[in-house]
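# Residue-level structure breakdown
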Amino acid sequence: MEGFTLAQPRSLDDALAAGPQAGAKYIAGGTDLMQLAKDNVETPHHLIDIEGLLPDTISTATDGSLQLGALARMVEVATHADVRSSWPALSEALLLSASPQIRNMGTVGGNLLQRTRCGYFRDVGFSCNKRSPGSGCPAIPGESRGLGVLGVSDHCIATHPSDMPVALMAMDASLQLVSPGGGTRLVPFAEFYRLPGSTPEIETNLLPGELIVAVVVPRSASARRSRYVKVRDRASFEFAVVSAAVALEVTDGTVRNVRIAMGGVAPRPWRLSQVEAALQGRPATPESFQEAASLAGEGAVTTKDNAFKVKLMERAILRGLQLASA
Amino acid sequence: MITGQPIDRRDGRQKVTGAATYAAEFAIPATVHAVLVQSTIAAGQIAGFDLAVAQGMPGVLAIITPDNAPKLSTKGGVPQAITQPALQDLEVIYNGQHVAIVVAETLERAQAAAAAVKLRYTEGEAQTTMEGALDQAYVPKNFRNGQRKPDSSRGDPAGSFAAAPVRIRATYTTPNEHHNPMEPHATIAAWDGDRLTVWTSTQGISGAQATLAGMFGIEKANVRVICPFVGGGFGSKGSTWPPATLAAMAARVVKRPVKLVLSRAQMFTSNGFRPMTVQKIAIGVANDGTLLSVRHDGISQMSMPKLGEFVEPVALATEMLYACPNLAVTHRLVGVNQGLPTYMRAPGEAPGVFAIESAMDEVAVALKMDPIVLRLKNYAETDPHENLPFSSKRLRECYEQGAAEFGWARRTLEPRSMRDGDWLVGMGMATSTYPTNQSPASARIRLMANGNVVVQSGTQDLGTGTYTVMAQLAADEFGLPIERVRVELGDSRLPSAPVSGGSQTVASVGSAVLAACKLARDHAIAMAISDAGDRWAGAKPADFHLENGAVVGPPGRMTLGEMMARRNVESVDVQGDAKPPGKDDKTHSLHAFGAQFAEVRVDSLTGEIRVSRLVGVFDGGRVLNAKTAHSQLIGGMTFGVGMALLEETLVDEATGRIVNANISEYVVPVNADIPVITAKLLEADDRVANPVGAKGLGELPMVGMAAAIANAVFHATGIRVRDLPIRLDDMLA
Ligand SMILES: Cc1cc2nc3c(=O)[nH]c(=O)nc-3n(C[C@H](O)[C@H](O)[C@H](O)COP(=O)(O)OP(=O)(O)OC[C@H]3O[C@@H](n4cnc5c(N)ncnc54)[C@H](O)[C@@H]3O)c2cc1C
């Protein structure tokens, strides 16, 4: 770890003013950033503590939508009664994340911006296009079981590791952002993350110094019947091999509305619109579920180690549909 | 009897309250910190170091590289698998090799400067993985320290295989695995002239003492190794690895005490690992299940030979497991540009029994025979390899009790025939065995004037309970409550004891403690008889015993306090030694046994594999403490679950660099993975094996675990996985 200064600004404006400077980095729970700094993967020189400067509350707006403060702890969101009943996949995704200790520290904002767990990225002894642009990607021909099959590029096949964003992706959420100078904007969640292309080091559309203030999640019939399936090798405290968030509205045995997003397969939570389209208006039966799920791997680009994920995606979606329709 | 009681570990409170002082926690005045720098290529030469930046950083005291490192010697005879001292030349033979030491006033400064050390390399050709070099397998040069040959055979394995009506041929593989004890390697080294003291986390203080003396060319008596507590080792602390030597080297260079603690990532490249194995098994069997021919050819991964030699002896258990007249085993090595492997919990037996007991299951499937019936059909009443009777073998009872406890009778024969909702349910079993080892050991008994007893031995407590069980043994010998027995260990000034490996500590040190107790008792009784004059004239020593600090005789008693006061001494020291019979005096084959059962559930959609029940029944000889023994059993079975389903060190083929050198991605079981474990020990006492009557428990419970789980997975799904770890990828067919 390299030396750094730690600032604890009194106001959001002070934090935002400091944010864009070279080598500056916001710190929330610190559960990801500190580990990256210790391993010299990130080398922040000025840490700006945002504790107390952004909302940490969970509330519902007059239109019924859920408002998650960026500093709300993972555990608070996961165990919130309203979240549990009206956005169950969100609660499940968080409860299946990390460990109790990390969920007590980790925040909504930090979880959205967790860096990839790709072993090549997290060890400075390897080349990595994401960490040092242009140095090459040894992961593609290397140990790639955990890496992505959709939305990947020749430069990077890292996956976004967090669970909560997968659920949010199936709920048409949006992000409320504030930038230095005080301007705020609302960004649809689907437009927040960027695909690697030839610039895998740029992961989101956040502007320099911009902060996440809150996540807004609309209330919907499908979100109310949402479920989160996390497939992994060990029963707890592990990232997903593949995960699926399924939000499903069925009336009279017919699929009225469905949202499916997957984790562990792409550089960002991945919406499966072709599977959704195949289900829309169809009877909610095992046959149509199976038929639609089999489209999951369309367009997948696999390596020697991760080709199994195509089949696994199909299976995880099926399980999600079964649970959500039960 | 205090021995056998499930009393709490004596150091338990110290440990959970943080009062136990581990190697890195000794407060040695003026200590500075060392951090190791490691290579980032797998093969080549170091062309040069760029040290200017690092040297200019605050607090840096020294940067030691092969260019300026003190020369170390191997002439003194280093009694270890790893024979090559670090930092002696510029050749790089694996990625992660130690190439420099940075010493600074604080840990953070040493870490920062270490990250700033830059190397230039001339890269060479590297062979980083074993798969690509199997055709270059070679015969080990020093198998079992030269005690036996790497190959053995009996009867006519080839002819009998060719003639067998049913034949099974299969290849099994196990990956590189890392021990990952909770406590990393840690050493504080301090010199006083030519005398070296090290506080280090080790499974063998006597080996550390000899190695360090040899490397620095000083008398063994001038090296003191102190290690009161070890936070787990599992084999990674059995040899004295470069970090301990380099801490001492750094201390010599900066003339200050130096502390060197490995990071978790460095634990993957600094202290060995279980090497990958490729094992070919061929079994010929009669239609009634009688084994006609068994062949087990094992290849294990080695480093470049320069570092030493380590063989994973996978086929040794196969030699004695079943009665089969025709058998052959071989052991080969493949050298690659990775570090030197080493012992890891049940080296040889754990991967080897996974292979042979999976193959036995395949035989049972081929014959449509119950797996236990097949094993009983080939039960070895005597050791078919050594041609000796077993000191004790109650494996039959293990099968019976294990099957009853587990509910084996409920198992249906066909694979994929048991289901619970979305889960496919499978039941599997395997035999477990581990040799009963013993090495020469010494112990001292100090009889105190107040009647208390101190037990001293230069052994170490890995966390297994050595402090506790030695106190229990001595308490019974002297008729004392356990509170009046103190155990001192973990200091090379104490009478010497062997490495705590091979599950041999109880048999080795326990036997020495018993010998010392007996001598001390005899001595006390002789003193009492001589002091008593007429009172006990003509009494035989056998008529006396010790109880509560007194010699009790026919009739009356005399306290140790009285006797010592008369002699004007405060204590009496007696040393006892114990060693196993020599090779030629061996009358019995010594092994522990067990039957292990697993029930698994495989998600019929996602392929996720979860263990739902585990049962193990073991014939491990005498139990010194029912609680610490049980902890060994459940710990070993848990370790086996990791081996079966999770653990695998991933090596990048292009660079030979480990990709998951952390415990977030190198996954071991967590609580949620482990169901209730039923682990039982037969009530036993094998005094033929050794004076303690114990057969060793540290490794036995993990030996059969992987095969039992693999067999259960097959039973659940009909999918035979021969490559560990078994993962959901394999279940998606
Ligand atoms: C062993 C382990 C296992 C884990 N397992 C899982 C898992 O299974 N699933 C899972 O989802 N997660 C898992 N995690 C990750 C964990 O959830 C994240 O570390 C946590 O959510 C990060 O939150 P934080 O507040 O600590 O972020 P920090 O570490 O403080 O910050 C992370 C990043 O976000 C930025 N940031 C933080 N808040 C804001 C904001 N409001 N606006 C703009 N930028 C911001 C920071 O600058 C930094 O770049 C695991 C972590 C560990 C260590």
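Quantities reported herein were computed from a predicted structural model and do not represent experimental measurements. (Residues numbered from 1 in each chain as written. Chains lettered and ligands numbered in written order. Predicted model: local features only at pLDDT ≥ 70, side-chain atom pairs only at ≥ 80, totals over all residues. Heavy atoms only, no water.)

### A few points about the overall build of chain B
Secondary structure summary: chain B contains 17 helices and 29 strands in total. Against the compact-globule benchmark of 27 Å for 733 residues, chain B has a radius of gyration of 27 Å, which places it among compact chains. For chain B, the spread of C-alpha atoms along the three principal axes comes to 80 × 75 × 50 Å. Per-residue burial over chain B gives 63% buried out of 733 residues. A total accessible area of about 26400 Å² is found for chain B, and carbon and sulfur atoms account for 52% of it. Considering chain B, the positive charge centre built from 68 side chains and the negative charge centre built from 73 side chains are found 3 Å apart. (Helix = DSSP H or I, 4+ residues; strand = E, 2+ residues; numbered from the N terminus. Rg over C-alpha atoms; globule rule 2.2 N^0.38 Å. Buried < 20%, exposed > 50% of the residue type's maximum accessible area, 1.4 Å probe, protein only. Areas by Shrake-Rupley, 256 points an atom, 1.4 Å probe, with all protein chains shown as cover. Lys, Arg positive; Asp, Glu negative; His and termini not counted. Charge placed at Lys NZ, Arg CZ, Asp CG, Glu CD.)

### Structural notes on helix α5 (residues 205-216) of chain B
All names here are of chain B. With twelve residues, α5 should cover 16 Å at 1.5 Å per step; its first-to-last C-alpha distance of 16 Å lies within 8% of that length. The buried count for α5 comes to eleven of twelve residues, which makes it a mostly enclosed element. Next to the buried residues of α5 lie β9 (186-192), β10 (195-200), β11 (223-226) and α6 (242-254). The first or second residue beyond α5 is Gly-217, which carries a positive phi of 65°. (Expected span 1.5 Å × (residues − 1). Contact = heavy atoms within 4.5 Å.)

### A few points about empty space enclosed by the protein
A full pass over the atoms with the stated rule returns six cavities of 30 Å³ or more. The calculated volume of the largest cavity comes to roughly 370 Å³. Looking at the lining of the largest cavity, its residues break down into 17 nonpolar, 15 polar and three charged. Shared between two domains, the lining of the largest cavity holds at least three residues of each, these being domain 1 (12-125 + 182-232 + 237-268) and domain 2 (134-177 + 273-437 + 587-731) of chain B. Taken as a whole, the second largest cavity encloses approximately 100 Å³ of empty space. Along the wall of the second largest cavity there are 17 residues; nearest its centre are A:Cys118, A:Cys128, A:Cys137, A:Cys156 and A:Ala158. Residues belonging to the lining of the second largest cavity are distributed by class as follows: eleven nonpolar, five polar and one charged. (1 Å grid on protein atoms, 1.4 Å probe; cavity = no way out; pocket = protein on both sides within 12 Å on 5 of 7 lines; lining within 4 Å. Points joined across faces, edges and corners; volume = space filled by probe spheres on them. Nonpolar A, V, L, I, M, F, W, Y, C, P; charged D, E, K, R; others polar. Domains from an automatic or database assignment.)

### What to know about the interface of chain B and chain A
Each partner contributes residues to the interface: chain B has 32 residues there, and chain A has 30 residues. Buried surface at the junction of chain B and chain A, both sides included, amounts to about 2600 Å², of which 55% is carbon and sulfur. Looking at the side of chain B facing chain A, the largest losses of area belong to B:Leu605, B:Val659 and B:Leu732, adding up to 22% of the total buried there. Across the chain B-chain A interface, the total number found is five salt bridges. (Buried area = accessible area lost by both parts, 1.4 Å probe. Salt bridge = Lys/Arg side-chain N within 4 Å of Asp/Glu carboxyl O.)

### Overview of the packing of α5(B) against α6(B)
Residues and elements named next belong to chain B. One can describe the packing of α5 onto α6 by two numbers: an axis separation of 10 Å at closest approach and a directional angle of 45°. Accordingly, the angle class assigned to the pair α5 and α6 is oblique. Seen along the crossing, α5 lies across α6 with a hand that is right-handed. The segment α5 lies against α6, with Leu-212, Met-215 and Phe-216 engaging Ala-244, Thr-245, Ala-248, Met-249 and Arg-252. (Axes fitted to C-alpha atoms, helices over the stretch in contact; angles between N-to-C directions. Parallel < 35°, antiparallel > 145°, perpendicular 65-115°, else oblique. Left-handed = near helix turned anticlockwise from the far one by under 90°.)

### Points about the sheet that holds strand β24 (residues 550-552) of chain B
Two pairing modes exist for strands in a sheet, parallel and antiparallel, and in both the strands are linked by backbone hydrogen bonds. All names here are of chain B. Pairing in this open sheet of three strands is antiparallel, and the strands run β23-β24-β25 from one edge to the other. Both edges of this open sheet fall to β23 (545-547) and β25 (557-559), since each of them pairs with a single strand only. The mean inter-strand angle of the sheet, taken between neighbouring strand axes irrespective of direction, is 30°. Of the pairings in the sheet, the one linking β24 to β25 comprises three bridges and is antiparallel in character. By the bridge assignment, Val-552 is partnered in β25 with Arg-557. (Pairing = 2+ DSSP bridges.)

### Focus on the site of the ligand
Residues and elements named next belong to chain A. In the neighbourhood of the ligand, 32 residues make up the surrounding shell, with Tyr-26, Gly-30, Thr-31, Thr-107 and Asp-163 lying closest. With respect to the ligand, the side chain of Ser-97 contributes an N or O atom lying 3.4 Å from an oxygen atom. Calculation on the ligand without its partners gives an accessible area of 980 Å², and the protein chains cover 95% of this total. Residues that form the shell around the ligand fall into these classes: 15 nonpolar, twelve polar and five charged. Two domains each provide a minimum of three residues to the shell around the ligand, namely domain 1 (5-51) and domain 2 (221-325). (Near = heavy atom within 4 Å. Polar contact = N/O pair within 3.5 Å; in protein donor to acceptor, adjacent residues only side chain to side chain.)

### What about the domain arrangement of chain A?
For chain A, the assigned domains are domain 1 (5-51) and domain 2 (221-325). Spacing between the C-alpha centres of domain 1 of chain A and domain 2 of chain A amounts to 36 Å.

### With respect to the packing of helix α8 (residues 349-367) of chain B against helix α16 (residues 705-717) of chain B
Residues and elements named next belong to chain B. Here α8 crosses α16 at 35°, and the two axes come no closer than 8 Å. Both α8 and α16 take part in a crossing whose hand is right-handed. Residue-level inspection shows Val-353, Phe-354, Glu-357, Ser-358, Asp-361 and Val-365 of α8 in contact with α16, the latter providing Ala-706, Ala-707, Ala-710, Asn-711 and Phe-714. For the contact of α8 with α16, the class distribution of residues is seven nonpolar, two polar and two charged.

### Looking at the pairing of strand β15 (residues 327-335) of chain B
Residues and elements named next belong to chain B. The buried count for β15 comes to eight of nine residues, which makes it a mostly enclosed element. The pairing of strand β7 (residues 152-154) with β15 spans three bridges and is classified as antiparallel. Across the sheet, the residue bridging to Ser-153 is Ala-328, located in β15. Sheet topology note: the strand β14 (residues 291-302)/β15 ladder contains nine bridges and is parallel. By the bridge assignment, Met-302 is partnered in β15 with Gly-335. Crossover handedness for the path β14 to helix α7 (residues 316-321) to β15: right-handed. (Right-handed = clockwise from strand over helix to strand, strands pointing away.)

### Comments concerning the environment of B:Asp67
By the element assignment, B:Asp67 lies in the loop between β3 (60-64) and β4 (91-92). Between the C-alpha atoms of B:Asp67 and B:Ser417, which are 350 residues apart in sequence, the distance is 66 Å.

### Some remarks on the sheet that holds strand β21 (residues 453-456) of chain B
All names here are of chain B. A sheet is described by the order of its strands in space; here four strands give the open sequence β22-β21-β20-β26, paired in mixed fashion. Only two strands of the sheet have a single neighbouring strand rather than two, namely β22 (485-488) and β26 (571-578). Going across the sheet, the axis of each strand differs from the next one's by a mean of 20°, ignoring polarity. Two strands pair when backbone bridges link them, and strand β20 (residues 441-448) and β26 are joined in this way by eight bridges, in the antiparallel orientation. Across the sheet, residue Ile-445 finds its bridge partner in β26, namely Val-574. Running at roughly 140° to β22, helix α11 (residues 466-478) makes contact with β20, β21 and β22 of the sheet. Together, β20 and β26 form the strand contacts of helix α13 (residues 560-567), whose direction differs from that of β20 by roughly 85°.

### Side note on the nonpolar core
Ranked by internal contacts, the top residues of the largest apolar core, which has 92 residues, are B:Phe597, B:Leu645, B:Ile709 and B:Ile726. The element contributing the most residues to this core is α8(B), with ten residues. Setting aside chain neighbours within four positions, we find B:Leu645 in contact with B:Ile609, B:Val611, B:Ile709, B:Pro725, B:Ile726 and B:Arg727. In this structure, A:Ala24, A:Ala72, A:Met74 and A:Leu211 belong to the second largest nonpolar core, which totals 51 residues. (Core = buried A, V, L, I, M, F, W, Y, C linked by side-chain atoms within 4.5 Å.)

### Some points on the pattern of salt bridges
If you walk through the whole model with that rule in mind, you get 60 salt bridges over all chains. Taking the shortest distance from any N to any O, the salt bridge between A:Glu203 and A:Arg115 comes out at 3.0 Å. Taken together, the residues span a long stretch of sequence, with A:Glu203 in the loop between β7 (184-188) and β8 (211-217) and A:Arg115 in the loop between α7 (108-112) and α8 (164-169) at a distance of 88 residues. For A:Glu203, a relative accessible area of 22% corresponds to the partly exposed category. A:Arg115 sits in the buried class, given a relative accessible area of 14%. A salt bridge links B:Arg224 to B:Asp491; the shortest N-O distance between them is 2.5 Å. One end of the pair, B:Arg224, is in strand β11; the other, B:Asp491, is in the loop between β22 and α12 (505-532), and 267 residues separate them in sequence. According to the relative accessible area criterion, B:Asp491 is buried, its value standing at 13%. What emerges from the salt-bridge pattern is a single network uniting A:Lys25, A:Glu42, A:Arg115, A:Lys130 and A:Glu203.

### Quick word on the domain arrangement of chain B
Residue and element names in this part refer to chain B. Here chain B is described as being made up of domain 1 (12-125 + 182-232 + 237-268), domain 2 (134-177 + 273-437 + 587-731) and domain 3 (441-579). The partner domain 3 presents 16 residues to the 17 residues of domain 1 that form the contact. Between domain 1 and domain 3, a total of about 1200 Å² is buried, with carbon and sulfur atoms accounting for 46% of that surface. It is Gln-203, Ile-205 and Arg-224 in domain 1 that bury the most area against domain 3; as a group they hold 43% of the surface buried on that side. In this assembly, domain 1 and domain 3 are joined by one salt bridge. Our count for the domain 1 to domain 3 interface comes out at ten residue pairs in polar contact (both at pLDDT 80 or more). Among the secondary structure elements, those contributing two or more residues to the side of domain 1 that touches domain 3 are α5 and β11. Here the side of domain 1 that touches domain 3 takes four residues from β11, the largest share from any one element.

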